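Observations on the model geometry
So the chains spell out like this:
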Amino acid sequence: MTGEALFRVRDLEFSYGAGRGAGRGAGRGAGRGAAALSIEALDIGAKERVALVGPNGSGKTSLLKLLNALAVPRSGEILFEGEPASRSASLRRRSVYLHQHPFLFAATVAYNVGFGCARLGLSRAAREERVAAALARVGLAGFGRRRHRALSGGEAQRVALARALATGADVFLLDEPTASADTVSARLIVKVLEEEAARGATILIATHEKSLVEGFAARIIRLEGGRLADDSGAHA
Amino acid sequence: MNEAFGLLLSGDAETWAIVGRSLRFSFFSTVFSLVPGLALGLWLAKGDDRPRRAISAVIGALTAVPTVVIGLFVYGFLSRSGPLGFFGLLYTPSAVVIGQILLSTPIVASLVWAGLSRVDPRFDETVSTLGGRGLAVAGAVLREGAPVFAGAVVAAFGRVTGEVGVAMMLGGNIRFSTRTMTTAIALDASKGEFERAISLGIALLAIALVVNFTVHILRPRNDR
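This write-up is about the structure you can find in this document. (Residues numbered from 1 in each chain as written. Chains lettered and ligands numbered in written order. Predicted model: local features only at pLDDT ≥ 70, side-chain atom pairs only at ≥ 80, totals over all residues.)

Comments concerning the overall build of chain B
Going by this rule: Think of it this way: any DSSP run of H or I at least four residues long counts as a helix, any run of E at least two long counts as a strand, and we number them from the N terminus. With C-beta atoms placed from the backbone, a residue is buried if 20 or more other C-beta atoms are within 10 Å of its own, exposed if 12 or fewer are, and partly exposed between those counts. By definition, residues are in contact whenever their C-beta atoms, placed on the basis of the backbone, come within 7 Å of each other.
When its secondary structure is counted, chain B shows 10 helices and 0 strands. Beginning at the N terminus, the succession of helices and strands in chain B can be written as α-α-α-α-α-α-α-α-α-α. Counting all 224 residues of chain B, 40% fall into the buried class. A separation of at least 24 residues holds for 78% of the contacts in chain B among residues at least 6 apart in sequence.

Focus on the overall build of chain A
For chain A, the count of helices and strands is 7 helices and 10 strands. Looking at chain A as a whole, 47% of its 236 residues qualify as buried. Contacts spanning at least 24 positions in sequence make up 72% of the contacts within chain A whose residues lie at least 6 apart.

What to know about the sheet that holds strand S10 (residues 227-231) of chain A
All names here are of chain A. Using the following cut-off: When DSSP finds two or more bridges between two strands, those strands count as paired. To get an axis, fit a line to the C-alpha atoms, keeping to the stretch in contact for a helix; angles then go from 0 to 180 degrees between the N-to-C directions.
Taken in spatial order, the 6 strands of this open sheet run S6-S7-S8-S3-S9-S10, and their pairing is mixed. The open sheet has two edge strands with one neighbour each: strand S6 (95-98) and S10. In this sheet, neighbouring strand axes are inclined to one another by 20° on average, regardless of whether the strands run parallel or antiparallel.

A short note on the nonpolar core
Keep this limit in mind: A set of buried Ala, Val, Leu, Ile, Met, Phe, Trp, Tyr and Cys residues, joined to one another through C-beta atoms within 7 Å, is what we call a nonpolar core.
Membership of the largest hydrophobic core comes to 75 residues, with the highest contact counts inside it found for Leu52, Val159, Leu161, Ala162, Phe172, Leu204 and Ile205 of chain A. Looking at this core element by element, the count peaks at 8 residues for helix H5 (residues 153-166) of chain A. Counting residues in each nonpolar core, the second largest holds 38 residues, with Leu38, Ile98, Val154 and Phe157 of chain B among its members.

Overview of the interface of chain B and chain A
At the interface, 17 residues of chain B touch 20 residues of chain A. Secondary structure elements with two or more residues in the side of chain B that touches chain A: helix H6 (122-129) and helix H7 (134-161) of chain B. Per-element tally for the side of chain B that touches chain A: the top contributor is H6 of chain B, with 7 residues.

Structural notes on unusual backbone geometry
Residues other than glycine predominantly adopt negative phi, and peptide bonds predominantly adopt the trans conformation. Residues and elements named next belong to chain B. A positive phi angle, near 55°, is found at asparagine 173, a position not held by glycine. Positionally, asparagine 173 belongs in the loop between helix H8 (165-171) and helix H9 (181-190). Judged by the 18 C-beta atoms lying within 10 Å of it, asparagine 173 falls in the partly exposed class. With a phi angle near 65°, phenylalanine 176 is a residue other than glycine that sits in the positive phi range. Relative to the assigned elements, phenylalanine 176 resides in the loop between H8 and H9.

Some words on the packing of helix H5 (residues 93-117) of chain B against H7 of chain B
All names here are of chain B. Filter applied, for reference: Every angle not falling under 35 degrees, over 145, or within 65 to 115 is termed oblique; those three ranges are roughly parallel, roughly antiparallel and roughly perpendicular. The handedness criterion is simple: a crossing whose near helix is rotated anticlockwise from the far helix by less than a right angle is left-handed, and one whose near helix is rotated clockwise is right-handed. Residues are grouped as follows: Ala, Val, Leu, Ile, Met, Phe, Trp, Tyr, Cys and Pro are nonpolar; Asp, Glu, Lys and Arg are charged; all remaining types, including Gly, are polar.
Running from amino to carboxyl end, H5 crosses H7 at an angle of 150°, the nearest separation of the two axes being 8 Å. In terms of their interaxial angle, H5 and H7 are classed as roughly antiparallel. Once H5 is placed against H7, the crossing between them reads as right-handed. When H5 is examined against H7, the residues Gln100, Leu103, Ser104, Ile107, Val108, Leu111, Val112, Gly115 and Leu116 are found in contact with a partner set consisting of Gly145, Val148, Phe149, Gly151, Ala152, Val153, Ala155, Ala156, Arg159 and Val160. Grouping the amino acids of the contact of H5 with H7 by side-chain chemistry returns 13 nonpolar, 5 polar and 1 charged.

This is the structure:
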């Protein structure tokens, strides 16, 4: 692990249906009430590039959602900057989670991306500028007026990434960000992630993509059956 | 039948006044049931705990209560000897609207709850992870739930327009005051005057068709 510990996970037990949002798509492959994730200790440092790997149902999605306080553990603790993640205003401000199949609001692309920066209290002009800049970064300049339904899977994924960028977050928790993307979209997504990493962002990616694991990640965490099977950065 | 159509097409003043009054009562009762109905529906859709399950069961039951029972219940409150008798509302348009609000509120609540329960679970997560709050969240909920809300409103409007129990018991079917399409049909048919009853029946049928067609149009695509 490099840098300061940003996330600290201790004695984490998570099962579907155990808490808010826990049973609502936190992952697949386990029934309601089954132990989906059990992690004794895991630290993620600031500015780390981490790849979460493992077979389907191994708990990658659940772990990302738990780190973003979108799911509640049955027991144990998840700290963000030393504070419980579920109560951390800093976590909500600094981090953003991207679904494997992103949810876009039934509206225009501009509305979707603008939603991400609504919390920043910007003027309308500043918000529009930020939206345009975020869309340009993901190669979708001029897409602002398009409806969400008119987008391909790869474009939707890039819109979701633009929306995340517009929040100003510097901690990205990404679930299979290139899984539904075509080659062009996947390349753009990786390029943007490289840029964010170079700026000092912390990036965790759940992925099956070998190229992402080998080319992007500096640390690889393998989950199997909801447990840490291997962590290349555990003793670094 | 020709005479019935004639009453409608000739613009018979009393017939159209009854239609207009029915729609007015339905409009106000639907509007006034929106706030409690939407609030209740939203609250029910936000979780699945024991109090919510109990209240949703009660609301589900209320949607099936015969209108005459609701009329009787409100009658008990509004009659001269009832706790609200001093307002003198019985047999006034206000009494009909109050009864119809009680009729339509559970319908709005249950349809909003049912509709929002089917909203993609990623919606909540997306709003949370993006740090949505206040007006931004309200706007997003309205946007995602718009077909659900509109469908609930139209369905409630249809239900109160076609009800007879509340209008009869609380309005008293007073000519030029509380007579609605359904109470007028009941009265005219009992007197053997079928022309107006049939003309009002045609108007009611037309309204029901428009309402159902609108509900169908507004229903989220994946429900069709």
